[in-house]
Amino acid sequence: MDAELRELYQQVILDHNKSPRNYRAMEHHNHDAEGYNPLCGDKIRIYLYIEDERIKDISFQGSGCAISKASASIMSSILKGKTVEEAEQFFEKFHNLITGRLSDDPAREDLGKLAVFEGVKEFPARVKCASLAWHTMLSALKEEKEIVSTEHE
Amino acid sequence: MVSDLKNEIIDIKKIRKDFPILKSTVHGKPLCYLDNAATTQKPMSVIDSISDYYKQKNSNIHRGVHFLSEAATKDYEGARTTIKNFINAASEKEIIFTRGTTESINLVANTFGRKFLGEGDEVIISEMEHHSNIVPWQILAEEKKFKLKVIPINDDGELLMEEFDRLLSPAVKLVSLIYVSNSIGTVNPVREVITKAHQKNIPVLIDAAQAVNHFPVDVKELDCDFLAFSGHKIYGPTGIGVLYGKENWLKQMPPYMGGGDMIASVSFEKTTFNELPYKFEAGTPDIAGAIGLGKAIEYITNIGLDKIAAYEAGLIEYTVGKLKEIEGVKILGNPAHRAGVVSFVVENIHPHDIGTFLDFEGVAVRTGHHCTQPVMDRYKIPATSRASFAFYNLKEEADILVNAVRKVIEVFK
């Protein structure tokens with residue numbers, strides 16, 4: 001496989017695509033939001049259970065490509081137990097990572113598992129795939145009722 | 001199976017030399033362009049005609065008495081004649097230049113629709129329409145309070161004709177139908193639809209965007225009232241398209257846009273409109289685009305639409321057969337008559353991922369809903385990968401596609 005392609009589709013991403021974590025509807029959630037990518041028809045719903053400004057539980061459901069599914073899966077495993085403020089900081093970091101604005105940032109060291117998405121920056125058409133879950137999560141945090149669209153990316 | 005003989009229907013190797021872009025490489029692989037339903041590549045004669053126009057004849061048409069204006073007008077109107085002959089229209093008055101199929105349909109909606117559609121009326125479309133033949137009617141339906149009726153399709157991706165018969169009530173004032181589905185590839189029985197509609201005096205608009213490039217289309221034989229197509233899907237430039245309309249209808253329809261060239265005389269008290277087809281062509285048109293489209297039609301007419309149809313049919317049959325052999329691949333629809341398009345899904349792999357992997361093999365396909373979300377809903381899928389063919393595609397390119405799909409499946413195993 002081409003090196004650039006291998007960088008995009010790392011094994012971790014393929015694994016999460018195959019068996020996504022926290023892939024379920026959450027019965028007792030107090031925040032949720034739906035995200036939609038009209039370009040490829042991807043749809044995702046994020047469920048959050050927030051208590052004392054902390055994400056006690058997070059799950060998602062939807063259809064999408066490997067990049068978007070893995071992104072949602074990894075996001076859910078990272079954000080579980082984090083505070084709302086931390087989640088917002090992670091969003092910022094992740095967004096900078098996939099749009100190639102994080103190259104010399106000392107913050108890249110805290111990226112942890114998210115680093116596997118660095119290859120996305122070489123594929124402008126796929127940035128929306130990687131960011132859909134994150135935008136939707138942010139919207140769920142704010143409890144915005146309208147459907148989130150990546151068309152404002 | 002495609003025999004080698006079939007490859008000789010057209011001298012593909014020679015033809016490919018006319019399309020400079022086909023020599024490109026993508027990610028180090030030769031370009032395998034299978035996104036022809038999105039847009040086709042342009043032969044050198046089309047590209048030259050556009051640059052020659054700007055180098056040698058650039059001026060405005062229908063206005064100047066000077067040499068250049070007359071030369072440009074002659075070429076622009078010459079393109080109209082080429083198009084008239086191509087679809088066998090009765091006269092040049094029936095050929096209106098637009099920006100493309102979308103604008104052609106919007107023109108009919110905004111002129112025919114505004115005049116002839118009202119509360120209680122119905123317009124019939126089908127479940128396999130491109131969004132461009134859904135949305136203009138929806139917008140107008142809201143305003144004029146008429147209803148949109150939809151002919152459903154079966155699992156094979158074919159129109160349920162008995163449902164169409166049922167829908168043909170006295171309330172129906174127009175049938176607007178896609179000739180060839182851009183997401184399934186179905187060739188619809190438009191002749192039958194038109195005959196049935198005409199028995200009840202209902203006019204029919206045909207969206208021929210994916211038809212005129214694949215087989216001969218004769219508006220007299222079809223007896224359609226309107227026919228729309230785009231230049232860029234028939235080897236011509238983007239930004240130019242055609243609306244054919246029967247003169248009798250066009251005469252009764254109000255103008256589309258107001259402005260220069262569409263008038264006979266203007267005063268602040270009253271404006272009289274120009275004759276056909278100029279009544280519908282306000283403002284300076286895409287002159288170079290029209291000339292380029294004329295050249296594109298000359299190019300394919302020289303090859304022969306019958307030959308193109310025969311060659312492409314073999315290529316499609318071969319591709320469908322090869323894709324079916326792959327475990328986990330499902331082809332969208334199974335229409336008895338197919339042209340241009342093979343849409344497929346692969347078990348557990350999203351079309352977007354397939355598209356990216358194919359790109360790295362040099363293969364350009366379209367992934368997504370192809371502006372036909374109702375079709376995706378019908379099959380309960382979010383998207384497909386779509387390979388779409390032109391006469392310059394080789395059997396070897398179908399093999400490259402098939403091998404690339406096998407590779408993706410291997411990675412996602």
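Just so you know, these numbers come straight off a predicted model, no measurement behind them. (Residues numbered from 1 in each chain as written. Chains lettered and ligands numbered in written order. Predicted model: local features only at pLDDT ≥ 70, side-chain atom pairs only at ≥ 80, totals over all residues.)

Visitor: In this structure, what is going on with the environment of Pro170 of chain B? I would like to understand it.
Guide: Within the element layout of this structure, Pro170 of chain B appears in the loop between α7 (161-167) and β7 (172-178). Separated by 32 residues in the primary sequence, Pro170 of chain B and Ile202 of chain B place their C-alpha atoms 8.9 Å from one another. (Helix = DSSP H or I, 4+ residues; strand = E, 2+ residues; numbered from the N terminus.)

Visitor: Help me understand the environment of Ser183 of chain B, please; the structure alone is not making it clear to me.
Guide: Residue and element names in this part refer to chain B. Relative to the assigned elements, Ser183 resides in the loop between β7 and α8 (190-199). For Ser183, a count of 31 C-beta atoms within 10 Å corresponds to the buried category. Taking the C-alpha atoms as reference points, Ser183 and Gly314, separated by 131 residues in sequence, lie 19 Å from one another. Discounting chain neighbours no more than four positions away, the residues touching Ser183 are Ser343, His370, Thr372, Val375, Thr384 and Arg386. (Buried ≥ 20, exposed ≤ 12 C-beta atoms within 10 Å, placed from the backbone. Contact = placed C-beta atoms within 7 Å.)

Visitor: Any chance you could explain the pairing of strand β1 (residues 31-37) of chain A here in plain terms?
Guide: The side chains of a regular strand alternate between the sheet's two faces. All names here are of chain A. Along β1, the buried face is formed by His31, Ala33, Gly35 and Asn37; none of Asp32, Glu34 and Tyr36, which line the opposite face, is buried. Pairing geometry for β1 and strand β2 (residues 42-51), over seven bridges, is antiparallel. Note that in β2 the partner of Asp32 across the bridge is Tyr47. Hairpin geometry of β1 and β2 is characterised by an intervening segment of four residues between the two adjacent antiparallel strands and by a positive phi of about 80° at Gly41. (Pairing = 2+ DSSP bridges.)

Visitor: In this structure, what is going on with the environment of Ser385 of chain B? I would like to understand it.
Guide: All names here are of chain B. Within the secondary structure, Ser385 sits in strand β17 (residues 384-388). Classification of Ser385 as buried rests on a count of 29 C-beta atoms within 10 Å. Counting along the chain gives 376 residues from Ser385 to Ile9, while the straight-line C-alpha distance between them is 28 Å. Every residue in contact with Ser385, bar those within four places of it in the chain, is listed here: Phe344, Pro351, Ile354, Gly355, Val365 and Thr367.

None of the figures reported here should be taken as evidence of function without further support.
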